[in-house]
Amino acid sequence: MKKNKINLNIACGVHLLKNFINVDKYFDYQDLVGKKDIFKNAVIEKGAKFVRGDIINLPFKDNYADYILSVDTIEHVKTNDVPRAMSELYRVLKKGGKLTLSTPDFDDIAERWVKMKNEEFDIKKFLDLTGLIYGKQAGYEDGEMHKTPFTVYYLNLLLQTAGFKKYTLDWYPGGTKPPKMKGYYKNLQNGKIVLKSAVFVVNAIK
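Residues numbered from 1 in each chain as written. Predicted model: local features only at pLDDT ≥ 70, side-chain atom pairs only at ≥ 80, totals over all residues. Heavy atoms only, no water.

J.: Just to check I follow, could you spell out the environment of methionine 145 for this structure?
T.: Checked against the element boundaries, methionine 145 lands in the loop between helix H4 (123-134) and helix H5 (152-162). Taking the C-alpha atoms as reference points, methionine 145 and lysine 78, 67 residues apart in sequence, are found 9.9 Å from one another. When residues no more than four places from it in sequence are discounted, the contact partners of methionine 145 are Glu75, His76, Tyr134, Gly135 and Gln137. (Helix = DSSP H or I, 4+ residues; strand = E, 2+ residues; numbered from the N terminus. Contact = heavy atoms within 4.5 Å.)

Below is the structure:
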């Protein structure tokens, strides 16, 4: 009998994807079901599973998952913990398993911030860029705060140090639609939402 593939959605937030084990450190499943306060817009797709866990200490055995999705997660990890987080993603993947990971391009954000000082002050632009640098700073505990910037050079170093040898690192400019990623929310990929900044998307094979 063919076994079902194991898909992990790391740092899932309040949207649990079907056919995935959704993982987040900041709340429990019952918080989402209750739909109160910051969880009022929680979405639990039919068949979605949830496990509470931290990206720097994932509650799974070695070589466990066939596929790992991690969308705009790693910038929320403390800088000193980032190498460990990447190593955990590598550890949990099966040999031949695939990791899809995205994160903002901090060089792009920094360039826009510097450019802003030569323009007429725009409070909306100022606050939008502040949010891209520091995170939303809202919601549960410090989960929505940005703690680490990423550049193409740093991502390459992290991937290689963790053990990934086969990977692509693609760049998508701000103002375009979110790139397609297996399992990623269809309402974002098919809707009118566009990227607020340039992003990197990693597709890596263990």
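J.: Please explain the side chain of aspartate 108 as it appears in this structure.
T.: In this fold, aspartate 108 is placed in helix H3 (residues 106-116). Once residues within four sequence positions are removed from consideration, aspartate 108 is found in contact with Ser197 and Ala198.

J.: Explain the pairing of strand E3 (residues 21-24) to me, please; I cannot follow it from the model alone.
T.: Residues in a regular strand point their side chains to alternate faces of the sheet. Residues Ile21 and Val23 point to one face of E3 and Asn22 and Asp24 to the other, with burial holding for every one of them. Bridging between strand E1 (residues 7-10) and E3 involves 3 bridges; their strand directions are parallel. Within E3, the position partnered with asparagine 9 by the bridge is asparagine 22. Relative to strand E5 (residues 49-52), E3 runs parallel, the two sharing 4 bridges. (Buried < 20%, exposed > 50% of the residue type's maximum accessible area, 1.4 Å probe, protein only. Pairing = 2+ DSSP bridges.)

J.: What is the right way to look at the sheet that holds strand E8 (residues 166-172) in this model?
T.: Strand pairing in a sheet relies on backbone hydrogen bonds. The paired strands run either parallel or antiparallel. If you trace the 7 strands from one edge of the open sheet to the other, you get E5-E3-E1-E6-E7-E9-E8, paired in mixed fashion. Strands with a single pairing partner mark the edges of an open sheet, and in this sheet they are E5 and E8. For this sheet, the mean inter-axis angle between neighbouring strands, taken without regard to orientation, is 15°. Sheet topology places strand E6 (residues 65-71) next to strand E7 (residues 93-104); 6 bridges connect them, and they run parallel. Bridge assignment links alanine 65 to a residue of E7, and that residue is leucine 93. In the packing of helix H2 (residues 82-92) onto the sheet, contacts are made with E1, E6 and E7, and the angle to E7 comes to roughly 145°. (Axes fitted to C-alpha atoms, helices over the stretch in contact; angles between N-to-C directions.)

J.: Looking at this structure, I do not really get a nonpolar patch on the surface. What am I missing?
T.: A surface patch of nonpolar side chains, about 220 Å² in accessible area, is lined by Tyr29, Val33 and Ile44. Looking at where isoleucine 44 falls in the secondary structure, it is placed in strand E4 (residues 43-44). (Patch = residues over 30% accessible without salt bridge, like charges linked within 9 Å, V, L, I, M, F, W, Y side chains within 5 Å. Areas by Shrake-Rupley, 256 points an atom, 1.4 Å probe, with all protein chains shown as cover. Salt bridge = Lys/Arg side-chain N within 4 Å of Asp/Glu carboxyl O.)

J.: Help me understand the pattern of salt bridges in this model?
T.: Any two side chains of opposite charge can pair, given that their charged atoms come close. Scanning the entire structure with this criterion turns up 8 salt bridges. For lysine 94, the salt bridge identified is with aspartate 66, shortest N-O distance 3.3 Å. Here lysine 94, found in strand E7, pairs with aspartate 66, found in strand E6; they are 28 residues apart in sequence, far enough to count as distant. Among the charged side chains, a salt-bridge network with shared partners connects Asp62, Glu88 and Arg91.

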